[in-house]
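# Summary of structural features
Given next are the chains, with one letter for each unit.
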Amino acid sequence: MVHRAIPEIDFEEIDVRTTFLGHALRAPLLITGMTGGFPDAAKINENLARAAADVGVAMGVGSERAAVVKGQYPESYACVARYPVPLKLANIGAPQLIPQNPGDPVVGPEEVRRAMELIHADVLAIHLNFLQEMVQPEGDRRAKGCLDRIGTLAHKFPVLVKETGAGLSRAVAEALRDRGVRAFDVSGTGGTSFAAVEYYRAVDRGADREARVGKTFWDWGIPSPISVLEVAPLGLPVVASGGIRSGLDAARAIALGASAAGTAGGVLRAAATSYEETRRELETIVHELKVAMFLTGAKTVAELQKVPYVIGGESRPWIRR
Ligand SMILES: Cc1cc2nc3c(=O)[nH]c(=O)nc-3n(C[C@H](O)[C@H](O)[C@H](O)COP(=O)(O)O)c2cc1C
């Protein structure tokens, strides 16, 4: 971002409020879905929800498959419903929308309705994680028909589609937009790598081939900034995530055209510690975002989206392409 030596605004007047899919946020931030479905997850989700409500930012839960398909630990998600988080996202994986084996239960409108009710969700996040599935020994390998299943749900519920660390291209985003999807969370490379996470699990289980695939595809995907540049021109709200670890990262993402920035790995440790730590981390990110806005002379999120920037490093060849 280009430094503006004379900002010609007061720090105090910087206003980071925004709306995302019709919901008013006190800052353009989203805690992207992480957890649920086991006993310890309740505390993490509760810390996240309480802090998100107090700071006024959006929050998603992790995949709700455990609760809505297997009936496991619904309370580890439902605790989120008790907090006035301004925008809550339910979460289901795209591989669960199609039968992976003959006779397998699939997630349909009824399961989605339950997933949304469980946390009083405003929006359904459908996650794409086919890279992760390929590094899991028992991973789901069927993806045919996914787009149309997402389309069916998108006509019944407000749907945001998110990746989980490998990024969205324009072609995929266009296909989803044409099926009624309302928003995207790019979740590109640069942050949590599920190929890496699953590599370690595969090693532990002695799954040699999957471990090898995890290593080979460790960095696979579209870098988060490039994914924002690919998807934002479609005109739908875009969350930039994948490697957002500070308010400066969030500012850069918004300058590139995102409506909000999302983080998972950036708040996980705090959330596993306490509500206070989680709140402090979120407030620090918001403060850093305001510092970046001050130093670029942007008074509002809309102005931040127009500040000048320079792109270098590994992103350049992607842009040339
Ligand atoms: C521990 C952990 C669990 C996650 N579980 C889910 C999940 O259940 N559903 C989902 O959509 N994304 C899940 N994600 C992916 C994140 O929402 C996010 O897309 C990805 O981690 C990239 O962001 P980051 O670099 O800030 O971590 C998880 C991430 C982490 C770190």
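Up top is the structure these notes are about.
Presented here is an overview of the structure given in this document. (Residues numbered from 1 in each chain as written. Predicted model: local features only at pLDDT ≥ 70, side-chain atom pairs only at ≥ 80, totals over all residues.)

## A short note on the site of the ligand
By nearness alone, 24 residues border the ligand, and G62, H127, G191, T192 and G265 come closest of all. Looking at the shell around the ligand, the elements with two or more residues in it are β6 (123–127) and α12 (265–273). It is α12 that provides the largest number of residues to the shell around the ligand, a total of 3 residues. Of the residues belonging to the shell around the ligand, the class tally is 5 nonpolar, 18 polar and 1 charged. (Near = placed C-beta within 6 Å. Helix = DSSP H or I, 4+ residues; strand = E, 2+ residues; numbered from the N terminus. Nonpolar A, V, L, I, M, F, W, Y, C, P; charged D, E, K, R; others polar.)

## Topic: unusual backbone geometry
The phi angle at Y73 is positive, at roughly 45°, despite the residue not being glycine. Among the structural elements, Y73 can be located in the loop between α2 (65–68) and α3 (75–78). C-beta crowding within 10 Å serves as the criterion here: with 17 such atoms nearby, Y73 is assigned to the partly exposed category. Here S187, not a glycine, exhibits a phi torsion of approximately 40°, which is positive. The exposure class assigned to S187 is buried, which follows from the 34 C-beta atoms found within 10 Å. (Buried ≥ 20, exposed ≤ 12 C-beta atoms within 10 Å, placed from the backbone.)

## Remarks on the nonpolar core
With 96 residues, the main nonpolar core has V57, L124 and A258 as its most contacted residues. Here this core gets 7 residues from one element, more than from any other, and that element is helix α1 (residues 41–55). Ignoring sequence-local partners within four residues, the contact set of A258 consists of V228, A232, V238, V239, A240 and A253. (Core = buried A, V, L, I, M, F, W, Y, C linked by C-beta atoms within 7 Å. Contact = placed C-beta atoms within 7 Å.)

## Some thoughts on the sheet that holds β6
With parallel pairing, the 8 strands of this closed barrel are ordered in space as β3-β4-β5-β6-β7-β8-β9-β10. The mean angle between the axes of side-by-side strands here comes to 25°, regardless of whether they run parallel or antiparallel. (Pairing = 2+ DSSP bridges. Axes fitted to C-alpha atoms, helices over the stretch in contact; angles between N-to-C directions.)

## Section: the environment of A302
Topologically, A302 is positioned in helix α14 (residues 301–304). In this structure the C-alpha to C-alpha distance between A302 and S259, which are 43 residues apart in sequence, comes to 8.7 Å.

## Some words on the pairing of strand β5 (residues 88–93)
Counting buried residues along β5, 6 of its 6 residues qualify, which places the element largely inside the surrounding structure. Residue alternation in β5 divides its side chains into two sets, K88, A90 and I92 and L89, N91 and G93, and both sets are buried. Across 2 bridges, the pairing between strand β4 (residues 58–60) and β5 is parallel. Bridging from a neighbouring strand, G60 pairs with L89 of β5. Relative to β6, β5 runs parallel, the two being bridged by 5 bridges. When the sheet's bridge partners are listed, A90 is paired in β6 with L124. At this point the chain moves from β5, through helix α4 (residues 109–119), to the parallel β6, and the crossover so formed is right-handed. (Right-handed = clockwise from strand over helix to strand, strands pointing away.)

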